[in-house]
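Each chain is listed here by its residues.
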Amino acid sequence: MTGTGGTGPGAPTDLGMPGFPPFPAAAREAVRDDTLRANLRRATHTIRDKRARAVAELADWEQLRAAGKAVKDHTLRHLDRYLIQLEAAVTAAGGTVHWAVDAAEANRIVTDLVLATGEREVVKVKSMATQETGLNEALEAAGIAAYETDLAELIVQLGHDRPSHILVPAIHRNRGEIRDVFAAEMGRWGRPAPGGLGDDPRELAEAARLHLREKFLRAKVAVSGANFMVAETGTMVVFESEGNGRMCLTLPETLISVVGIEKVVPTFRDLEVFLQTLPRSSTAERMNPYTTMWTGLGPSQGAESDGPTAFHLVLLDNGRTDTLADEVGRQALRCIRCSACLNVCPVYERAGGHAYGSVYPGPIGAILSPQLRGTASEIDASLPYASTLCGACYEVCPVAIDIPEVLVHLRERVAQGGPVTREGIRVRIRPARGHTAERAAMRAARLLLDHPGALRAGERLLARARRLRPRRLPGPGRAWTDSRELPPVPAEPFRDWWARERGGRA
Amino acid sequence: MSGREQILGRIRRALADAGPAPEIPRDYLRTHGDRTPDATADLLAAHLTEYRATVHRAAGDAVAPLLARLLAERGARSVLVPAGLPPHWLAAADQVRIDDRSDSTPYELDAVDSVVTGCALAIAETGTIVLDGGPGQGRRRISLVPDHHICVVRVPDQVVDSVPQAVALLDPTRPLTWISGPSATSDIELDRVEGVHGPRTLEVVLLTAQ
Ligand code: SF4
């Protein structure tokens, strides 16, 4: 089977973060990191409040949300048809379409395309799909340097770090840390940071501008993702803020876009929904500063050409068709990666993005990762428990993904086993025997979450004993906290926080 | 089996049990307000300003002295001129003119101080201008690489209220660039900083006929 590539049949794809400890252990580390928690808390609260204002501006938000959900469900229902239509439209406009069953195949396709140009470096637009496939590492292994050009991705790359948020990947870093990373690392990759660099965001952004412009101007090959693809016309759409996307999408001669198959929408008109809901849900703006839409090589070529002279689209499966096969779980494929669910999640706020062991953190990561790569590993088996099921993620989701519903469904799968599809084949997984901790966690979690009184009592006890820094819940919560330790000193009980933050709204 | 056939086959098997596709409800609003053309232009100006673009107004021939002044204030020595830009717009400007050509290199574009373009349309509710490569707009890169972009919007004919109205008017086969304020980042502690990679200064001229 071409699909399994070098990873061997049955090997889980690592979604960009190999060998990461399961959520409980990773979260335990994260909640002890005070800087991380402070950075996260400030950032998520700021975006959350702004988002609520941006959404309140549109009287028809609920209708837009219903339309967004229906566009995506409709597309998924006929995904084969729309992908074939998209392929025809892109090809007619001068592009070339490739299909990649898994990460290894996608990386191989991109590597071969880059090598064929004779170039040995590429500039990259922030893309979850290529993080998911670990493309940068694959390119590096082939002797190709891949430069991330999004400021936050640059911070992550220079810092030998991992992204911790979909939208603001360096959300866990503060200005002082960023200054240190720039000063120490920029010179190794290209233009060094100016001497005496301060930690003012303006100064830091200017250093990034100078460092990256050098790369944009000479780049011959770019790699991007896309937020949407239009089946009807073959149009690709990239939303961004900084202009690094536009640089990569328009200056190089060759553009390679790696895009998950679920990103297709039927018609150009459908974009009117997401152009309204995506910016407001993600950066909490009426509109992001730049959106680029291009269709193959455009209507005119040769002397009139505008942009790259070669365009390749790599359509990526990598677990998406397996996810599609799950009646309850397939709704995760509606996700437009706005990150609103991260910013409202009390667990994400305390644990940080790295704890999820995947490029997809937060509530969406908790349902997407175990579906894309299966629940065979401990981290994936534990992810469905990385939630309090409070429902805040569902409430903000612009495509109305019922994340709590999918979480409960996946918990059942882990606990009881049942039919799933892996690499296109229907199999029956056994109950998670190997994961004693998870089974205990699940039993306790079910008890706690089915009996809100127990949770409340446990949390209050914990809060009252705050100065003692207890690490275990008493009574029925004990087994749960054995594996999924609560933050040692939660700022306040979750339910109090909830009542205060959400004004008692369900 | 090719990757294509594998993926399509998996999709078909995955959907074997699926019910009918939902209808897409279109009962969301076409616009978010009932405005006069003047009110729409004012809203566009307000939203552009909020995203730290600078908005100017001019009527008829006054556009030429205004553009000359804006370029002079900027200290621009050269200006990129897309094909089809109305010649009288730059009649009073004395900067060196650089034509938008397909064979100019990124380095050449980087050496230009300013660019003046028209647009396809502008959206008041979001403070967005859209360029589609039509006459007077040039290639996508010319409104990106120079650090100073002046965009002229004809008011009221090029201004729409809302995103749905804009989408209905645009041609998806043309390269489209939607611009809402100058390039910006909020990646460092969520402090907004303008002009990371795109133009650090965006000036929009709302041009009425007389
Ligand atoms: S699940 Fe919904 S809220 Fe979360 S990132 Fe995806 S679209 Fe946004």
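Residues numbered from 1 in each chain as written. Chains lettered and ligands numbered in written order. Predicted model: local features only at pLDDT ≥ 70, side-chain atom pairs only at ≥ 80, totals over all residues. Heavy atoms only, no water.

1. A short note on the confidence of the model for chain A
Residue and element names in this part refer to chain A.
- Put simply, chain A has an average pLDDT of 81, and 77% of its residues get 70 or more.
- Under a pLDDT of 50 for its full length, residues 1-14 has, in the predicted model, 26 contacts with residues more than four places off or in other chains.
- Every residue in residues 16-20 scores below 50 in pLDDT, and together they form 14 contacts with partners more than four places removed in sequence or on other chains. (pLDDT = per-residue confidence, 0-100. Contact = heavy atoms within 4.5 Å.)

2. A few points about the interface of chain A and chain B
- Chain A puts 101 residues into the contact, and the matching count from chain B is 78 residues.
- For the chain A and chain B pair, buried surface summed over both sides reaches about 7800 Å², with 58% attributable to carbon and sulfur atoms.
- Among the salt bridges present, the one from A:D306 reaches B:R140, with a minimum N-O distance of 3.5 Å.
- Remark: the boundary between chain A and chain B carries 34 residue pairs in polar contact (both at pLDDT 80 or more).
- When residues of the side of chain A that touches chain B are assigned to their parent elements, the largest contribution, 13 residues, is made by helix α10 (residues 201-218) of chain A.
- For the side of chain A that touches chain B, a count of residues per class yields 48 nonpolar, 25 polar and 28 charged.
- Where strand β9 (residues 290-295) of chain A lies against strand β9 (residues 176-179) of chain B, 4 bridges are found, and the strand directions are antiparallel. Within β9(B), the position partnered with A:M293 by the bridge is B:L176. (Buried area = accessible area lost by both parts, 1.4 Å probe. Salt bridge = Lys/Arg side-chain N within 4 Å of Asp/Glu carboxyl O. Polar contact = N/O pair within 3.5 Å; in protein donor to acceptor, adjacent residues only side chain to side chain. Helix = DSSP H or I, 4+ residues; strand = E, 2+ residues; numbered from the N terminus. Nonpolar A, V, L, I, M, F, W, Y, C, P; charged D, E, K, R; others polar. Pairing = 2+ DSSP bridges.)

3. Thoughts on the site of the ligand
- As a matter of local geometry, the ligand sits amid A:C335, A:I336, A:R337, A:C338, A:S339, A:C341, A:I364, A:C397, A:P398, A:V399, A:I401 and A:I403.
- Here the residues of the shell around the ligand are counted per class, giving 10 nonpolar, 1 polar and 1 charged. (Near = heavy atom within 4 Å.)

4. Topic: the sheet that holds strand β1 (residues 96-100) of chain A
Residues and elements named next belong to chain A.
- Strands sit in the order β1-β10-β7-β4-β2-β3 across an open sheet of 6 strands; the sheet is parallel. Looking at the sheet topology across the chains shown, the edges are occupied by β1 and β3 (145-148). Within this sheet the neighbouring strands show an average axis-to-axis angle of 25 degrees, counted without direction.
- Where strand β2 (residues 121-124) and strand β4 (residues 221-224) come together, 2 bridges link them in parallel fashion. The partner of K124 across the bridge, within β4, is V223. (Axes fitted to C-alpha atoms, helices over the stretch in contact; angles between N-to-C directions.)

5. Looking at α10(A)
All names here are of chain A.
- Across its 18 residues, α10 extends 26 Å between first and last C-alpha, which sits within 8% of the 26 Å expected from 1.5 Å per residue.
- Along its length, α10 shows its largest kink, about 30 degrees, at L212.
- Here α10 has its buried residues at P201, L204, A205, A207, A208, R209, H211, L212, R213, K215, F216 and L217. (Expected span 1.5 Å × (residues − 1). Bend = angle between axes of the 7 residues up to and from the residue. Buried < 20%, exposed > 50% of the residue type's maximum accessible area, 1.4 Å probe, protein only.)

6. What about the pattern of salt bridges?
- The final tally for this structure, using the stated rule, is 39 salt bridges over all chains.
- Taking the shortest distance from any N to any O, the salt bridge between A:E177 and A:R173 comes out at 3.7 Å.
- Residue A:R286 is joined to B:E50 by a salt bridge in which the shortest nitrogen-to-oxygen separation is 3.2 Å. Of this pair, A:R286 sits in the loop between α12 (271-282) and β9 while B:E50 sits in helix α2 (residues 37-50), each in a different chain.

7. Things to note about the packing of aromatic side chains
Residues and elements named next belong to chain A.
- Tallying each qualifying case throughout the model produces 4 aromatic pairs over all chains.
- On the basis of an interplanar angle of 25 degrees and a centroid distance of 4.8 Å, the ring pair of F228 and F274 is categorised as stacked. Taken together, the residues span a long stretch of sequence, with F228 in strand β5 (residues 228-230) and F274 in helix α12 at a distance of 46 residues. The two residues F228 and F274 agree in class, both being buried.
- Centre to centre, the rings of W294 and F311 are 5.8 Å apart; their planes meet at 85 degrees, and the pair counts as edge-to-face. (Phe/Tyr/Trp six-rings, centres within 6.5 Å; stacked < 30°, edge-to-face > 60°.)

8. Notes on the environment of A:V90
Residues and elements named next belong to chain A.
- For V90, the position within the fold is in helix α4 (residues 79-92).
- Here V90 falls in the buried class, since its relative accessible area comes to 0%.
- Taking the C-alpha atoms as reference points, V90 and G187, 97 residues apart in sequence, are found 40 Å from one another.
- Excluding residues that lie within four positions of it along the chain, V90 makes contacts with G95, T96, V97, G234, F311 and L313.

9. Regarding the side chain of A:E185
Residues and elements named next belong to chain A.
- Mapped onto the elements of the fold, E185 is located in helix α9 (residues 175-189).
- For E185, a relative accessible area of 13% gives the class buried.
- Sequence-distant contacts of E185, defined by excluding residues within four places in its chain, comprise L158 and H160.

10. A word on the packing of α4(A) against helix α1 (residues 3-14) of chain B
- Relative to each other, α4(A) and α1(B) sit at 150 degrees, their axes nearing to 9 Å. The angle between the axes of α4(A) and α1(B) places the two elements in the roughly antiparallel class. From α4(A), A:L79, A:D80, A:L83, A:I84 and A:E87 reach across to α1(B), where they touch B:R4, B:L8, B:I11 and B:R12.
- Of the residues belonging to the contact of α4(A) with α1(B), the class tally is 5 nonpolar, no polar and 4 charged. (Parallel < 35°, antiparallel > 145°, perpendicular 65-115°, else oblique.)

11. Side note on the sheet that holds strand β2 (residues 78-81) of chain B
Residues and elements named next belong to chain B.
- Within the open sheet, the 6 strands sit side by side as β1-β12-β7-β4-β2-β3. Their pairing is parallel. Each of the sheet's edge strands pairs with one partner strand only, and the pair in question is β1 (54-59) and β3 (96-99). Within this sheet the neighbouring strands show an average axis-to-axis angle of 25 degrees, counted without direction.
- Note: β2 against strand β4 (residues 114-117), 2 bridges, orientation parallel. Opposite L80, over in β4, you have V115 as the bridge partner.
- Where α2 meets the sheet, it contacts β1 and β12 (201-208), and its direction lies at approximately 150 degrees from that of β1.

12. Looking at the nonpolar core
- Formed by 68 residues in total, the largest nonpolar core has its most connected members in A:F228, A:L271, A:L275, A:I367 and B:W178.
- Among residues more than four places away in sequence, those in contact with A:F228 are A:K72, A:T235, A:M236, A:V237, A:F239, A:K263, A:V265, A:L271, A:F274, A:L278 and A:I336.
- A:V123, A:F311, B:L8 and B:L109 belong to the second-largest nonpolar core, a separate cluster that totals 66 residues. (Core = buried A, V, L, I, M, F, W, Y, C linked by side-chain atoms within 4.5 Å.)

13. Points about helix α16 (residues 362-373) of chain A
Residues and elements named next belong to chain A.
- Helix length check: α16 (12 residues) gives 16 Å between terminal C-alpha atoms against 16 Å at 1.5 Å per residue, within 8%.
- Most of α16 sits out of view: 12 of its 12 residues are buried.
- Within the span of α16, buried status applies to G362, P363, I364, G365, A366, I367, L368, S369, P370, Q371, L372 and R373.
- Positive backbone phi, at 80 degrees, marks G374, one or two positions downstream of α16.

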